[in-house]
Amino acid sequence: MITFIEAFKKELADEVKETKRMLEKVPVDKYDWQPHPKSMKLGVLACHLAEIPDMIEKALLSDKWDFAEEEAWKPTVFKTNDELLAFFEKSVAKASAALEQSKDDILQDKWKLCAGNVTYLEMEKWEAVRHAFGQNAHHRAQLGVFLRLLDIPIPGPYGPSADEM
């Protein structure tokens with residue numbers, strides 16, 4: 001029988017392939033573009049998508065992720081797509097290492113995402129890992145819309161996109 005950790009490893013490997021295909025399409029010269037004033041800039045969105053695997057590491061190896069204990073988040077500025085992809089690979093490596101170190105028996109432990117006394121999420125660790133996968137799909141789809149608006153062909157993650165048919 002497969003463990004939950006083994007299932008998460010497989011899901012991470014599958015999602016990494018598709019996220020990488022999308023990040024490869026991000027045009028460096030459009031990093032400051034945004035489709036709406038309330039939207040993230042393209043470069044900020046790409047950076048955020050590339051760092052989402054960090055949440056898997058944080059969920060598995062600690063009891064909380066407290067933003068108040070870290071410097072204020074600033075998106076990394078990349079000069080090239082190779083830098084963006086290397087940043088993503090580092091995040092994936094940390095998530096993979098955390099999965100290698102973890103066992104199913106910790107997955108029902110409580111975990112919290114907060115900023116000091118402000119709690120954003122409180123859930124079991126397995127839910128936090130699933131939440132990270134959900135965030136990945138959400139922001140990858142958001143990136144797909146941004147790229148589509150820039151008339152950049154996009155890959156389909158779970159079958160061919162309209163550009164690939």
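These figures come from a predicted structure and were not determined experimentally.

### Observations concerning the nonpolar core
Formed by 42 residues in total, the largest nonpolar core has its most connected members in Leu 23, Ile 56, Leu 60, Leu 84, Trp 111 and Leu 143. Broken down by secondary-structure element, the contributors of at least two residues to this core are α1 (4–23), α2 (42–51), α3 (53–61), α4 (81–101), β2 (110–115) and α5 (125–149). Every residue in contact with Leu 143, bar those within four places of it in the chain, is listed here: Met 22, Leu 23, Val 26, Leu 42, Leu 45 and Leu 49.

### Regarding the layout of surface pockets
Roughly 510 Å³ of volume is contained in the largest pocket. Considering the residues around the largest pocket, the lining is formed by 23 residues, among which His 48, Glu 51, Trp 65, Phe 67 and Trp 73 are closest to the centre. For the lining of the largest pocket, the elements supplying multiple residues, two or more each, are α2, α3 and α5. Considering only residue class, the lining of the largest pocket consists of 13 nonpolar, 4 polar and 6 charged.

### Here's the deal with the packing of aromatic side chains
As enumerated under the stated definition, the model contains 5 aromatic pairs in all. Centroid distance Trp 65 to Phe 67: 5.3 Å. Interplanar angle 75°. Geometry classified as edge-to-face. Judged by relative accessible area, which is 16%, Trp 65 ranks as buried. What makes Phe 67 partly exposed here is its relative accessible area of 36%. Relative to Tyr 120, the ring of Phe 67 has its centre 6.1 Å away and its plane inclined at 40°; by these criteria the two rings are tilted. Remark: Tyr 120 occurs in strand β3 (residues 118–124) and Phe 67 occurs in the loop between β1 (64–66) and α4; sequence separation between them is 53 residues.

### As for empty space enclosed by the protein
Summary: where empty space remains is shown by rolling a probe the size of a single water molecule over the atoms. Under the defined criterion, the tally for this structure stands at 1 cavity of 30 Å³ or more. By volume, the largest cavity is sized at about 70 Å³. Surrounding the largest cavity, Leu 12, Glu 15, Val 16, Thr 19, Ile 52, Pro 53, Ile 56, Phe 88, Ala 132, Phe 133 and Asn 136 form its lining. Of all elements in the fold, only α1, α3 and α5 reach the threshold of two or more residues within the lining of the largest cavity.

What counts, and where the lines are drawn
- Position labels on residues start from 1 in each chain and follow its written sequence.
- Given that this is a predicted model, residues contribute local features only at a pLDDT of at least 70 and side-chain atom pairs are listed and counted only at 80 or more, while totals for whole chains, interfaces and linings are drawn from all residues.
- Note: side-chain values were computed over all heavy atoms of the structure, leaving out hydrogens and water.
- The set of buried Ala, Val, Leu, Ile, Met, Phe, Trp, Tyr and Cys residues whose side-chain atoms join them within 4.5 Å is what this entry labels a nonpolar core.
- Relative accessible area decides the class of each residue, using a 1.4 Å probe on protein chains only: under 20% of the type maximum gives buried, over 50% gives exposed, and in between gives partly exposed.
- Elements are defined by DSSP. Helices are runs of H or I of four residues or more, strands are runs of E of two residues or more, and each kind is numbered from the N terminus.
- Any pair of residues with heavy atoms lying within 4.5 Å of one another is described as a contacting pair.
- Lining residues are defined by having an atom within 4 Å of a point belonging to a cavity or pocket. Those points lie on a 1 Å grid over the protein atoms alone, cavities being sets where a 1.4 Å probe fits but cannot get out and pockets being open sets with protein on both sides within 12 Å along at least five of seven lines.
- Grid points are joined across faces, edges and corners, and a volume is the space filled by probe spheres set on the points.
- We call Asp, Glu, Lys and Arg charged. Ala, Val, Leu, Ile, Met, Phe, Trp, Tyr, Cys and Pro are nonpolar, and the rest, Gly among them, are polar.
- Note on aromatic contacts: the rings of Phe and Tyr and the six-membered ring of Trp form a pair at centre separations within 6.5 Å, being stacked when their planes are under 30 degrees apart, edge-to-face when over 60 apart, and tilted otherwise.

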